[in-house]
Amino acid sequence: QVQLVESEGGLVQAGGSLRLSCAASEGTFNFGWFRQAPGKEREFVAAINRSGSTTYYRNSVKGRFIISRDNAKKTVFLQMNSLKPEDTAVYYCAADRGIFMQWATPGVYDYWGQGTQVTVSS
């Protein structure tokens, strides 16, 4: 069974930065990052294909967040800059074994990390 292990999130002031990582126990996948705030549905944040050549972002994080990967370490990263209070959520990484399509849809991902809390104070 593939396991995805996320790094700890944290508490950061608005305007600050935080980097999340997610390591897969095996395999090569397309990766996505999602987040879920209290009382809201899980939403897409960013995705990256197997080679790292293609990335996608939700509009509200474009220019602030960067998704990247290190295939040798089977790890995906989410660098979050200029954080805002509305970025506060539990962040989840997800791995997709299939073709890099529908990357914003949670249901296409096969494996999920445990989730990590990111809190941005104003």
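Residues numbered from 1 in each chain as written. Predicted model: local features only at pLDDT ≥ 70, side-chain atom pairs only at ≥ 80, totals over all residues. Heavy atoms only, no water.

A.B. asks: So what's going on with the pattern of salt bridges? Residues and values would help.
C.D. replies: Using the criterion set out here, one finds five salt bridges in the structure. Two residues, Asp 87 and Arg 35, come together in a salt bridge whose shortest N-O distance is 3.0 Å. Taken together, the positions of Asp 87 in the loop between strand E8 (75–80) and strand E9 (89–96) and Arg 35 in strand E4 (residues 30–36) put the pair 52 residues apart, joining distant regions of the chain. What makes Asp 87 buried here is its relative accessible area of 1%. We note a salt bridge from Asp 110 to Arg 97, for which the minimum N-O separation is 3.3 Å. With Asp 110 in the loop between E9 and strand E10 (111–112) and Arg 97 in the loop between E9 and E10, this residue pair connects regions lying 13 residues apart in the sequence. Under the relative-accessibility criterion, Asp 110 is labelled partly exposed at 31%. (Salt bridge = Lys/Arg side-chain N within 4 Å of Asp/Glu carboxyl O. Helix = DSSP H or I, 4+ residues; strand = E, 2+ residues; numbered from the N terminus. Buried < 20%, exposed > 50% of the residue type's maximum accessible area, 1.4 Å probe, protein only.)

A.B. asks: Account for the side chain of Asn 30, naming residues and giving values.
C.D. replies: Tracing the sequence through the fold places Asn 30 in strand E4. Only 2.9 Å separates the side chain of Asn 30 from the backbone oxygen of Gly 98, close enough to count as a polar contact. Residue contacts for Asn 30: discarding those within four places in its chain leaves Ile 48, Asn 49, Arg 50, Arg 69, Ala 94, Ala 95, Asp 96, Gly 98, Ile 99, Phe 100 and Tyr 109. (Polar contact = N/O pair within 3.5 Å; in protein donor to acceptor, adjacent residues only side chain to side chain. Contact = heavy atoms within 4.5 Å.)

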